[in-house]
Structure formats: structure tokens, C-alpha cells
Amino acid sequence: MSETPSGGAAPGSEPEDRNGLPPEVVIPLVPADGDGPIRRPGAGLRKGQLSALMNAANNRTDFIGVLRKAREQLPGDPSFGDPLSVTGPGGARAVARAADKLVGDTPSAAREIGFGALQVWQAMLERVGRGKGNAEVTVMFTDLVAFSGWSLSAGDEATLELLRRVAKAIEPPIAERGGQVVKRMGDGVMAVFPSAERAVRAAINAKRNLAEVKVRDYRPAMRIGLHTGSPREIGGDWLGVDVTIAARVMEAGGNGNTMLSEATLRSLKPETLAELGHAVKPYRRSFFAAPLSGVPEDLRIFKLSEL
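Residues numbered from 1 in each chain as written. Predicted model: local features only at pLDDT ≥ 70, side-chain atom pairs only at ≥ 80, totals over all residues. Heavy atoms only, no water.

Student: Which parts of the structure should I look at to understand the nonpolar core?
Tutor: With 33 residues, the main nonpolar core has M140, W150, L162, V200 and L226 as its most contacted residues. For this core, the secondary structure elements donating two or more residues are β1 (137–144), α6 (147–154), α7 (156–176), β3 (189–193), α8 (196–210), β4 (222–229) and α11 (272–276). At eight residues, α8 tops the list of elements feeding residues into this core. Excluding anything up to four places from it in sequence, W150 contacts A158, T159, L162, V215 and Y218. V137, F141, M190 and A247 belong to the second-largest nonpolar core, a separate cluster that totals eleven residues. (Core = buried A, V, L, I, M, F, W, Y, C linked by side-chain atoms within 4.5 Å. Buried < 20%, exposed > 50% of the residue type's maximum accessible area, 1.4 Å probe, protein only. Helix = DSSP H or I, 4+ residues; strand = E, 2+ residues; numbered from the N terminus. Contact = heavy atoms within 4.5 Å.)

This is the structure we're talking about:
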């Protein structure tokens with residue numbers, strides 16, 4: 001029996017290192033039959049696989065939720081992209097409407113990222129005065145008194161004639177004073193003005209013009225409500241508690257009065273009413289009248305009257 005010399009290796013065997021592994025063993029980074037260069041991790045993904053991964057990430061609800069939270073920290077309306085916010089003029093809104101048609105209503109990461117960028121764009125336009133933000137405006141509501149009852153007996157033709165003549169009487173003074181008719185509501189309109197001064201002057205001129213309107217022996221009476229605040233313009237419409245207050249101030253007008261909230265009265269110059277030949281007195285709700293809903297309890301309303 002032959003002996004192996006001390007420190008030597010048995011014939012046909014390979015020397016071992018201290019861990020018991022042959023030093024020549026190499027772990028290949030590429031398949032044994034591959035002659036190409038070493039590939040980086042992930043480089044083996046084909047286009048179809050990469051697309052599938054991106055699509056999966058795009059539809060992950062947790063990822064979408066994170067993006068929505070992030071949008072709340074961005075300037076502008078975090079809900080920008082819904083039908084209410086993208087209606088109306090403006091480049092950002094036009095792009096948002098086109099994007100909405102492409103991506104649809106299905107929640108996705110791409111949708112949140114895209115509308116987040118448009119949200120910031122719209123906010124920047126508002127900040128530099130090219131969009132509409134939360135600037136103080138005066139909201140006007142008008143309503144024809146007892147119009148519905150008269151319309152039922154007068155018929156459609158007379159009703160249409162009256163509405164056209166009323167529009168010709170009250171809308172030009174609104175436009176001349178820098179007001180914008182937001183919407184027409186049958187026998188009334190909602191308009192916004194850049195100042196209380198302009199709104200009051202427009203209301204007085206509109207009532208004077210309306211006094212000349214007569215259809216089939218019917219002279220319409222119109223009540224007007226004005227309130228100054230900072231409603232939010234969304235998609236060409238104005239929303240918020242200040243819009244509600246303006247509507248309720250109009251309701252207090254009874255049988256054809258022009259009513260002002262305290263906020264509107266405070267916004268007028270001290271000499272304005274005297275120049276216009278008008279004065280105000282506090283409105284007091286009658287004991288049997290229903291309280292105004294949806295307004296602050298301390299809301300003060302004033303009736304505008306000609307001297």
C-alpha cells in the first residue's frame with residue numbers, strides 16, 4: 001500500500017483549499033453554452049415582459065393610492081381631472097379633457113401622474129391671473145316673482161317672448177359692469193362680478209330696464225340677491241357656501257326687492273349709495289317666514305331702496 005507524502009495530493013485528485021473546495025471551481029454567470037458577454041440582471045427581460053411589469057405597476061391599487069395622496073400636497077385642486085373640474089376654457093382643461101378620453105375613467109398610476117401635472121399647470125395659471133382661483137367676487141342671483149303661475153296661464157309663446165325681453169333688459173347692464181352670466185335658470189340668472197361696486201350698479205340699472213318690460217299686460221317683478229365672498233370656480237361654474245348665501249339673500253327679496261349681504265355692503269365705497277340715490281335698511285324676517293337654510297346664523301341682510 002503506497003503512502004502519500006506528507007503535504008502532497010493523491011494522484012488524480014485536486015488540491016483543496018481550507019474550505020474543502022477545489023480552487024479551480026468557477027460559478028458561471030452565463031449559461032455554459034453561451035458565448036456572449038456577461039448580461040446584467042434584468043437585461044434578459046423581453047419587451048413583452050417589461051410591458052407586462054409596467055402594466056401591473058400601473059394598475060396596482062396601493063401605488064395609485066400613494067400617488068393620490070401625493071397630489072394632495074401639490075398646488076391646485078387634487079381632484080382636477082373629474083368632469084366637474086375640466087369643463088370650461090383654458091389650456092390645462094382642454095388637455096385634461098383630451099387625456100380623459102384617452103385613458104378613460106379606470107384608475108391607474110399613469111392617470112394620476114398625468115392629471116397631477118395638469119393640476120399644477122392649472123394652479124400656476126390661476127396664480128399668475130390667467131386662470132380662475134379663489135379671488136373675491138360678488139355673486140348675483142335674480143328671480144322673477146310669481147313667474148310660474150303667470151306662465152301656466154299665458155302659454156309657451158308669451159312665456160318665451162317675456163324671457164327674451166327680460167334677458168335684453170337685465171343682461172346688458174351685467175356685461176357693461178364687467179359681470180359674467182354664469183348660467184340661466186329659466187326665469188333667473190346667476191352672475192359674478194369682480195367687485196361689489198359693479199354688482200350694485202348693474203342691479204340698479206337692470207331693475208330700471210325691467211320696468212319697461214310688459215307682455216300681455218304683465219309687468220314682471222324681479223328680486224335680486226348680492227353676496228360678496230370667495231367661491232371656487234370649477235369648470236366654468238362657481239361653487240361653495242358663498243354661492244349658497246347669495247341664493248338665500250335673493251330669496252329674502254320677497255316681491256321684487258334687491259337684497260345685499262353685509263359682506264357686500266362693507267365692500268362698497270361709503271359714497272356709492274348716495275351717488276346712486278339709494279339707501280339700505282336691515283332686513284328683518286317676519287315671524288311667520290321660514291328661516292333661511294344653509295347660511296350662517298349671524299348672516300345680516302339689507303334691503304336696497306331708492307331714495
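Student: Could you clarify how one ought to interpret the pairing of strand β7 (residues 258–261) in this entry?
Tutor: Across a regular strand the side chains alternate sides, sitting on one face of the sheet and then on the other. Residues T258 and L260 of β7 are buried on one face, and the alternating residues M259 and S261, pointing to the opposite face, are buried as well. Pairing between β4 and β7: three bridges, direction parallel. Bridge assignment links G225 to a residue of β7, and that residue is M259. (Pairing = 2+ DSSP bridges.)

Student: Would you mind showing me how to read a nonpolar patch on the surface here?
Tutor: On the surface, a nonpolar cluster with roughly 320 Å² of combined accessible area is contributed by L50, L53 and M54. Secondary-structure assignment places L53 in helix α1 (residues 47–58). (Patch = residues over 30% accessible without salt bridge, like charges linked within 9 Å, V, L, I, M, F, W, Y side chains within 5 Å. Areas by Shrake-Rupley, 256 points an atom, 1.4 Å probe, with all protein chains shown as cover. Salt bridge = Lys/Arg side-chain N within 4 Å of Asp/Glu carboxyl O.)

Student: Is there a simple way to explain the pattern of salt bridges in this structure?
Tutor: If charged atoms from side chains of opposite charge come close, those side chains can pair. Within the structure shown, the criterion is met by eight salt bridges. D143 is the salt-bridge partner of R223, the closest N and O atoms lying 2.9 Å from each other. Taken together, the residues R223 in strand β4 and D143 in strand β1 connect sequence positions 80 residues apart. By relative accessible area, which is 15% here, D143 ends up buried. In this structure, R248 and E251 form a salt bridge, with 3.3 Å as the shortest nitrogen-oxygen distance.

Student: Would you explain the sheet that holds strand β9 (residues 301–306) in this entry?
Tutor: In any sheet, the strands associate via hydrogen bonds between backbone groups, in a parallel or an antiparallel arrangement. One open sheet holds the seven strands; their spatial order is β2-β3-β1-β4-β7-β9-β8, and the pairing between them is mixed. Every interior strand has two partners, whereas the edge strands, β2 (180–184) and β8 (278–282), have only one. Direction aside, the axes of adjacent strands within the sheet are offset by 25 degrees on average. Inspection of the sheet shows β7 paired to β9 by four bridges, in the antiparallel sense. From the neighbouring strand, L260 faces β9, where its bridge partner is F302. In the packing of α8 onto the sheet, the strands contacted are β1, β3, β4, β7, β8 and β9, and the crossing angle to β4 comes to about 175 degrees. (Axes fitted to C-alpha atoms, helices over the stretch in contact; angles between N-to-C directions.)

Student: How should the packing of α7 against α8 be read in this particular structure?
Tutor: At their nearest, the axes of α7 and α8 sit 8 Å apart, and the two run at 155 degrees to each other. On the basis of their axis angle, the class for α7 and α8 is roughly antiparallel. Taken as a pair, α7 and α8 cross one another with a handedness that is right-handed. Touching V166, A169, I170, P173 and I174 of α7 are A202, N205, A206, N209 and L210, all from α8. (Parallel < 35°, antiparallel > 145°, perpendicular 65-115°, else oblique. Left-handed = near helix turned anticlockwise from the far one by under 90°.)

Student: Would you take a moment to explain α7 for this structure?
Tutor: Each α-helix winds once per 3.6 residues, and so residues spaced three or four apart point in a common direction. Taking 1.5 Å as the rise per residue, α7 with 21 residues should run 30 Å; its terminal C-alpha atoms sit 30 Å apart, in good agreement. Of all the bends found along α7, the most pronounced is centred on I170 and spans about 25 degrees, while P172, a proline, follows it within four residues. If you check which residues of α7 are buried, you get A158, T159, L162, V166, A169, I170, E171, P173 and I174. Just beyond α7, the residue with positive phi is G178, at close to 80 degrees. (Expected span 1.5 Å × (residues − 1). Bend = angle between axes of the 7 residues up to and from the residue.)

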